[in-house]
Amino acid sequence: MGSGSQTDVARPHALPWARSAPSDVRWRLESLGMLWIAGGILGLLVLALAARRDMAVGVLALIGSSAIAVGVLLIAVGRRQPRAAVPTRWTCHLPLVVGTVAIGGCVAAAGGGSAPIAYGALFVWIGLYAGAFFTPRAVAAHVAFSMVAFGVALRSLGQPMAAEMLLVGGVTTAAAVLSVWTAWQRSLANSDPLTGVMNLRGFERALEQQIERCERSRTPLALALVDLDGFKGYNDQHGSVAGDRLLATTAGRWQAQLPDTALMARLGGDEFAFMLPGMTPDAAGELVDQLRALLPAPVTGSAGVTEWCPGDTPSQLRARTDGALFQAKRSGRDRTQVTDHELTSALELWRALEAGEFVLHYQPIHSLADGGLDGYEALIRWEHPEKGMQSPAEFITAAERSGAIHAIGRWVIDEACRYAAALRERHGDQAPTVSVNVSTLQLTDPRLASDIRYALAATRLPPQALVLELTESALDGSVTDAADALCRLRELGVQLAIDDFGTGYSSLHRLRNLPFDILKIDRSFVADIGDERHDALLCAIIAMANSLGLDTVAEGIETETQRHFLAANGCVRGQGYLLGRPAPSTLGVSDR
Ligand code: C2E
Ligand code: MG
Ligand code: MG
């Protein structure tokens, strides 16, 4: 850790729960303060209700009231600590050791009879507290020290010790073990076993809490996501054991470099997240650059950094950071993209979604052989209250940048499935399919497949009635694991189409190996029909698609000549203003 306060909490190779549990100074001091106050009050109550002559009443009263005062002080000091500050030895162990000595003093001052055991029972709290926050070694040390204190105190009373020691020692140890076990179980749920840092679940909770604090205090907060470039290739080349080692070493190095207030998590695979309270996006960008520089060559990392803006929910902040990371990858990887916060457009988009201002228009896709209606493509529109109808070109890029595309995309899928289900109700099994456009960024969302499965189930739509259109950029290598993501979608049973074919980059190799069913020829090729050189290219594309077993759909058919040409040259389906313009649903399917 940056401050050099190397405690059992911060040490890179401490046990997982000790490193990843959100046991910040504040929490520790506050809970310890409460124990002190409770102990003090109990002691004073015993004195008030059951004081005996052999008790050192003055000493007990002094210890009891001091305990209350120390407790109040600890809580007050705790409240002043930043939430994510890492405890030092001093804030961890010293108040507990002082507490142990004070309880020992109570035992000694309690005189004969059962009072020493009653006071000694307070040692159970030492065990519980240490078990919740410390590593097992430190827990054992505290329990042992409290038993020594108890032994010394009993001895000073000249009491026979065995039974009392067994009783208080046994209960204290049992409490400590139970507490360690509970803390361990709790941290397992929140930490990543490979690297020992927080996992997605722990991070989501911590982010939620941090945002609540930021809402109250209006302090800045930056969020960073770092993704290792080509980690899959590294794994394939060196084996998964080496890959795991790389992740663990990287996490250790990064953890050691972070300021005390920062919180790091591994969200899954090779993606790490950093919550950076108090940091501006620029400072966070610099820090992330330093972290990326620590990666062992030739491994590189891409990063997205954004700042929390008042009103942002955790998922909005996360989505925006995802968008920044995506931009970093798209613009060549091995770089950090800090979003210039495009706040207005992002918040506007979320608001529009909430307000139900998005609508889908449907454009028919016809068979070129017999003119039959084969499907519809769902195309999003934004009915802006002031600017009027906005086309996707005007907001999809902003939605991608801001990360709002995930939520918008989910809405599109739900709505399109409802439309497809309504079509099936009307036309039965012969109903036209419905295609939706899926942004390349959505492909990086691990929830995409389950969202689609859910939408299909909710509308009882057979998966093959839904077509997902992806542009060629999904295949250009800028998206890690695009092939895996496509296969997961394919496993759902939906059809996959490659959209705007011919405008991007896709090697024949990829085309052959990826699980596509449909190839949509970009309308620029259709517009060029009549120019001999272009015609030859168009025919070659159709022939290639047919030989790969892909259905072909030509986009942007505007004239009879184009339609004839495409039909004569083996193109199966067509879409364009000639055959039908995009129009709102007439089936009465509503989005809400
Ligand atoms: P696309 O998927 O290639 O959709 C076809 C676009 O071509 C549509 O534009 C459509 O209106 C237009 N078009 C259809 N026939 C003709 C024609 O004969 N001539 C001409 N000039 N244009 C024609 P639109 O609706 O403006 O959509 C543009 C792009 O926005 C879409 O291209 C798609 O990439 C994207 N998009 C649309 N809806 C969504 C969505 O729900 N999610 C995502 N991620 N992207 C979407
Ligand atoms: Mg499309
Ligand atoms: Mg297209």
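Small disclaimer: the values here were computed from a predicted structure and weren't measured. (Residues numbered from 1 in each chain as written. Chains lettered and ligands numbered in written order. Predicted model: local features only at pLDDT ≥ 70, side-chain atom pairs only at ≥ 80, totals over all residues. Heavy atoms only, no water.)

Now for the overall build of the protein. Tallying secondary structure elements over the protein gives 23 helices and 15 strands in all. Whereas a compact globule of 592 residues would reach a radius of gyration of roughly 25 Å, the protein reaches 32 Å, over 25% beyond that. Counting only C-alpha atoms and orienting by the principal axes, one finds that the protein spans roughly 110 × 50 × 40 Å. Relative to its 592 residues, the protein shows a buried fraction of 51%. Taking all contacts inside the protein whose residues are at least 6 apart in sequence as the whole, residues at least 24 apart take part in 71%. Total accessible area computed for the protein in this model is approximately 26,100 Å², and 57% of it derives from carbon and sulfur atoms. Looking at charge distribution, the protein has the averaged site of its 51 positive side-chain charges lying 11 Å from that of its 61 negative ones. (Helix = DSSP H or I, 4+ residues; strand = E, 2+ residues; numbered from the N terminus. Rg over C-alpha atoms; globule rule 2.2 N^0.38 Å. Buried < 20%, exposed > 50% of the residue type's maximum accessible area, 1.4 Å probe, protein only. Contact = heavy atoms within 4.5 Å. Areas by Shrake-Rupley, 256 points an atom, 1.4 Å probe, with all protein chains shown as cover. Lys, Arg positive; Asp, Glu negative; His and termini not counted. Charge placed at Lys NZ, Arg CZ, Asp CG, Glu CD.)

Protein-derived ligands of the magnesium ion (ligand 3) are Asp499 (OD), Asp500 (OD), Glu555 (OE) and Glu555 (OE), with the metal-ligand distances lying across 2.0 to 2.6 Å. The exposure class of Asp499 is buried, given its relative accessible area of 4%. (Donors = N, O, S within 2.8 Å, 3.2 Å for Na, K, Ca; no water.)

By definition of the ideal shapes, four donors in a tetrahedron about a metal sit 109.5 degrees apart, and six donors in an octahedron sit 90 or 180 degrees apart. The magnesium ion (ligand 2) binds to the protein through Glu377 (OE), Asn437 (OD1), Glu469 (OE) and Asp499 (OD); the donor distances cover 2.0 to 2.2 Å. For the magnesium ion (ligand 2), the single-chain donor residues occur in sequence as E-x59-N-x31-E-x29-D. The distance between the magnesium ion (ligand 2) and the magnesium ion (ligand 3) comes to 3.8 Å, and Asp499 binds to both of them. You can see Glu377 sitting in strand 7 (residues 373-384) and its partner Asn437 sitting in strand 9 (residues 433-437), a full 60 residues away along the chain.

In the vicinity of ligand 1, 21 residues are found, and the nearest of them are Arg381, Asn437, Asp499, Glu558 and Tyr577. Contact distances for ligand 1 include 2.9 Å between an oxygen atom and a side-chain N or O atom of Glu377. A distance of 2.9 Å separates an oxygen atom of ligand 1 from a polar side-chain atom of Arg523. For ligand 1, the accessible surface in isolation is 790 Å², of which the surrounding protein chains cover 83%. Elements that contribute at least two residues to the shell around ligand 1 include exactly strand 7 and strand 11 (495-501). The element that contributes the greatest number of residues to the shell around ligand 1 is strand 7, accounting for 4 residues. Taken together, the residues of the shell around ligand 1 sort by class into 8 nonpolar, 5 polar and 8 charged. (Near = heavy atom within 4 Å. Polar contact = N/O pair within 3.5 Å; in protein donor to acceptor, adjacent residues only side chain to side chain. Nonpolar A, V, L, I, M, F, W, Y, C, P; charged D, E, K, R; others polar.)

With respect to the helices, strands and loops of the structure, Ala346 is situated in helix 14 (residues 343-354). For Ala346, a relative accessible area of 1% translates into the label buried.

Attention now goes to the nonpolar core. Ranked by internal contacts, the top residues of the largest apolar core, which has 75 residues, are Phe358, Ile452, Leu519 and Leu566. Per-element accounting of this core gives the leading share, 12 residues, to helix 16 (residues 405-427). Non-local contacts of Leu566, meaning those with residues more than four positions away in its chain, are made with Leu368, Val526, Ile529, Leu538, Ile542, Ala554, Ile557 and Cys571. Ranked by size, the runner-up nonpolar core spans 37 residues in total, among them Leu74, Cys106, Ala115 and Ala149. (Core = buried A, V, L, I, M, F, W, Y, C linked by side-chain atoms within 4.5 Å.)

Here we take up the packing of aromatic side chains. Under the criterion given, the structure shown has 12 aromatic pairs. When the centroid spacing of 5.2 Å and the interplanar angle of 85° are considered together, the rings of Trp254 and Phe272 count as edge-to-face. Highlighted residues: Trp254 in helix 11 (residues 240-257) and Phe272 in strand 3 (residues 271-277), separated in sequence by 18 residues. Across the pair, Phe272 and Trp254 agree in class, each one buried. With a centroid separation of 5.7 Å and an interplanar angle of 65°, the aromatic rings of Trp254 and Phe274 are classed as edge-to-face. With a gap of 20 residues between them, Trp254 in helix 11 and Phe274 in strand 3 connect regions that are remote in the sequence. (Phe/Tyr/Trp six-rings, centres within 6.5 Å; stacked < 30°, edge-to-face > 60°.)

Right, let's get into the pattern of salt bridges. Throughout the structure, instances matching the rule amount to 21 salt bridges. The salt bridge partner of Asp289 is Arg292, with a shortest N-O separation of 3.0 Å. Remark: Arg292 and Asp289 occur in helix 12 (residues 281-293); sequence separation between them is 3 residues, near one turn of the helix. Among the residues examined, Asp289 registers a relative accessible area of 34% and is labelled partly exposed. Using a relative accessible area of 13% as the deciding quantity, one classes Arg292 as buried. In this structure, Arg563 and Glu560 form a salt bridge, with 3.0 Å as the shortest nitrogen-oxygen distance. You can see Arg563 and its partner Glu560 sitting in helix 23 (residues 560-568), 3 residues apart, about one turn around the helix. (Salt bridge = Lys/Arg side-chain N within 4 Å of Asp/Glu carboxyl O.)

On to the pairing of strand 2 (residues 263-268), then. Counting buried positions over the 6 residues of strand 2 gives 5, a clear majority of the element. Here strand 2 runs beside strand 3; their pairing, made up of 5 bridges, is antiparallel. Along strand 3, the bridge assignment pairs Ala265 with Ala273. Here strand 2 folds back onto strand 3 in antiparallel fashion, the turn holding 2 residues, of which Gly269 has a positive phi close to 50°. (Pairing = 2+ DSSP bridges.)

We now examine the confidence of the model for the protein. Summing up the model confidence of the protein, the mean pLDDT is 86 and the portion of residues at 70 or higher is 91%. Note that residues 1-23 has pLDDT below 50 and, in this model, 65 contacts with residues that lie over four places away or in other chains. (pLDDT = per-residue confidence, 0-100.)

Looking now at helix 19 (residues 482-491). Within helix 19, burial applies to Ala482, Ala485, Leu486 and Leu489. Buried residues of helix 19 fall within an arc of 100° about the axis and therefore sit on the same side. Trailing helix 19 by a residue or two, Gly493 shows a phi angle of about 100°, which is positive. (Arc of directions from axis to C-beta.)

What follows covers the packing of helix 2 (residues 25-50) against helix 6 (residues 123-133). Where helix 2 meets helix 6, the axes come as close as 11 Å, and the angle between the chain directions of the two elements is 175°. Here helix 2 lies roughly antiparallel to helix 6, going by the angle between them. Note on element contacts: helix 6 touches helix 2 through Trp125, Tyr129 and Phe133, opposite Trp27, Arg28, Leu29, Ser31, Leu32, Leu35, Ala38, Gly39 and Leu42. In the contact of helix 2 with helix 6, the residues fall into 9 nonpolar, 2 polar and 1 charged. (Axes fitted to C-alpha atoms, helices over the stretch in contact; angles between N-to-C directions. Parallel < 35°, antiparallel > 145°, perpendicular 65-115°, else oblique.)

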